[in-house]
Amino acid sequence: MGAALSSVTTFLSVSLCDGSSRKLIAGWWYFILLISIIQIFIAMYTMSSRGGTEAFVSLWSSIVLLILCVGGTVIMRKFQSSVAVGFFMGSVVAASQMFLLVFLILFGYIEDRMENNMPVDGERLNGFVCLVQAVLLGSFAAILAAHRSEILDQKISAEDDEEVTYEAPKRAAVV
């Protein structure tokens, strides 16, 4: 499974990003951020037009998504240690499963609303976006897992090349 996943992600990076796995991961993450913005706007609409349980689910998924987006961007840009990337991968997989469950719950909720002759267009859109988010997050975690060592190796080699030494700031003489 690992070799097949690695060959598929290598094919994607060659065909889409000139062979750079870092560009593939960054592009995938930026697309997830775009879908996340759409998801947050849908959640705000849901909170204003629906009540109770559906509003809470939308609010909770938006908060989790916002934390994941901010934390993931910080980890991908600055803190690329093995522990941080591993924690981030686990968080992405958990969020992917959560959005898959939200998709399934929303489509069950659609059936209930249709039996009561209520509109279901908002739920269909929200369910579709949740499914897209689940697939994107799951595939991102798989791509990140396949190329994790390359990202960490590039970060280590970039740190070795700089050879910057720390110099303490000079204190002003006290007279």
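Use the structure listed above.
As the structure is a prediction and not an experimental result, all values here were calculated from the model. (Residues numbered from 1 in each chain as written. Predicted model: local features only at pLDDT ≥ 70, side-chain atom pairs only at ≥ 80, totals over all residues. Heavy atoms only, no water.)

## Concerning the packing of helix H2 (residues 21–49) against helix H3 (residues 53–77)
In a packed pair of helices, the relevant descriptors are the angle between the two axes and the axis-to-axis distance.
Next, step 1: Where H2 contacts H3, the axes come no closer than 9 Å and their chain directions differ by 155°. Of the possible angle classes, the one that applies to H2 and H3 is roughly antiparallel. Where H2 crosses over H3, the handedness of that crossing is left-handed. (Axes fitted to C-alpha atoms, helices over the stretch in contact; angles between N-to-C directions. Helix = DSSP H or I, 4+ residues; strand = E, 2+ residues; numbered from the N terminus. Parallel < 35°, antiparallel > 145°, perpendicular 65-115°, else oblique. Left-handed = near helix turned anticlockwise from the far one by under 90°.)

## A word on the nonpolar core
Side chains that are nonpolar tend, in soluble globular proteins, to be buried together.
Next, step 1: Judged by nonpolar contacts, the single largest core of 31 residues is most densely connected at Leu68, Phe88, Val92, Phe99, Leu137, Phe140 and Leu144.
Next, step 2: A per-element tally of this core places helix H4 (residues 82–115) first, with 11 residues.
Next, step 3: Those residues in contact with Phe140, other than ones at most four positions away along the chain, are Ile25, Trp28, Trp29, Ile32, Phe88 and Val92. (Core = buried A, V, L, I, M, F, W, Y, C linked by side-chain atoms within 4.5 Å. Buried < 20%, exposed > 50% of the residue type's maximum accessible area, 1.4 Å probe, protein only. Contact = heavy atoms within 4.5 Å.)

## Thoughts on the side chain of Ser62
Next, step 1: When you line up the elements, Ser62 lands in helix H3.
Next, step 2: Classification of Ser62 as buried rests on a relative accessible area of 10%.
Next, step 3: In contact with Ser62, not counting residues within four places along its chain, are Gln39, Ile40 and Ala43.

## A word on the pattern of salt bridges
Next, step 1: According to the stated counting rule, one finds 1 salt bridge in the structure shown.
Next, step 2: In this structure, Glu123 and Arg113 form a salt bridge, with 3.6 Å as the shortest nitrogen-oxygen distance. On the criterion of sequence distance, the pair formed by Glu123 in helix H5 (residues 121–146) and Arg113 in helix H4 is long-range, its members being 10 residues apart.
Next, step 3: Given a relative accessible area of 1%, Glu123 falls into the buried group. (Salt bridge = Lys/Arg side-chain N within 4 Å of Asp/Glu carboxyl O.)

## Observations concerning the packing of aromatic side chains
The description of an aromatic ring pair rests on the distance of the ring centres and on the angle between the ring planes.
Next, step 1: Within the structure shown, the criterion is met by 4 aromatic pairs.
Next, step 2: Ring plane angle 80° and centroid distance 5.3 Å describe the contact between Trp29 and Phe88, whose orientation is recorded as edge-to-face. With a gap of 59 residues between them, Trp29 in helix H2 and Phe88 in helix H4 connect regions that are remote in the sequence.
Next, step 3: With a relative accessible area of 2%, Phe88 lands in the buried category.
Next, step 4: Seen from their ring centres, Phe103 and Phe107 are 4.9 Å apart, and the 55° between their planes marks the pair as tilted. With a gap of 4 residues between them, Phe103 and Phe107 both fall in helix H4, about one helical turn apart.
Next, step 5: Put simply, the rings of Trp29, Phe88 and Phe140 touch in pairs and so form one group of aromatic residues. (Phe/Tyr/Trp six-rings, centres within 6.5 Å; stacked < 30°, edge-to-face > 60°.)

## Notes on unusual backbone geometry
Next, step 1: Here the phi dihedral of Asn117 falls at roughly 55°; this positive angle occurs in a residue that is not glycine.
Next, step 2: Along the chain, Asn117 turns up in the loop between H4 and H5.

## Re the packing of H2 against H5
Next, step 1: It is the contact of H2 with H5, at a shortest axis distance of 10 Å, that shows an interaxial angle of 155°. It follows from the interaxial angle that H2 and H5 lie roughly antiparallel. For H2 against H5, the interelement crossing comes out left-handed. Here Leu24, Ile25, Trp28, Trp29, Phe31, Ile32, Ile35, Ser36, Ile38, Gln39, Ile42 and Thr46 of H2 lie close against H5, whose contacting residues are Leu125, Asn126, Val129, Cys130, Val132, Gln133, Leu136, Leu137, Ser139, Phe140, Ile143 and Leu144.
Next, step 2: Looking at the contact of H2 with H5 residue by residue, the classes come out as 18 nonpolar, 6 polar and no charged. (Nonpolar A, V, L, I, M, F, W, Y, C, P; charged D, E, K, R; others polar.)

These values are about where atoms sit, not about what they do.
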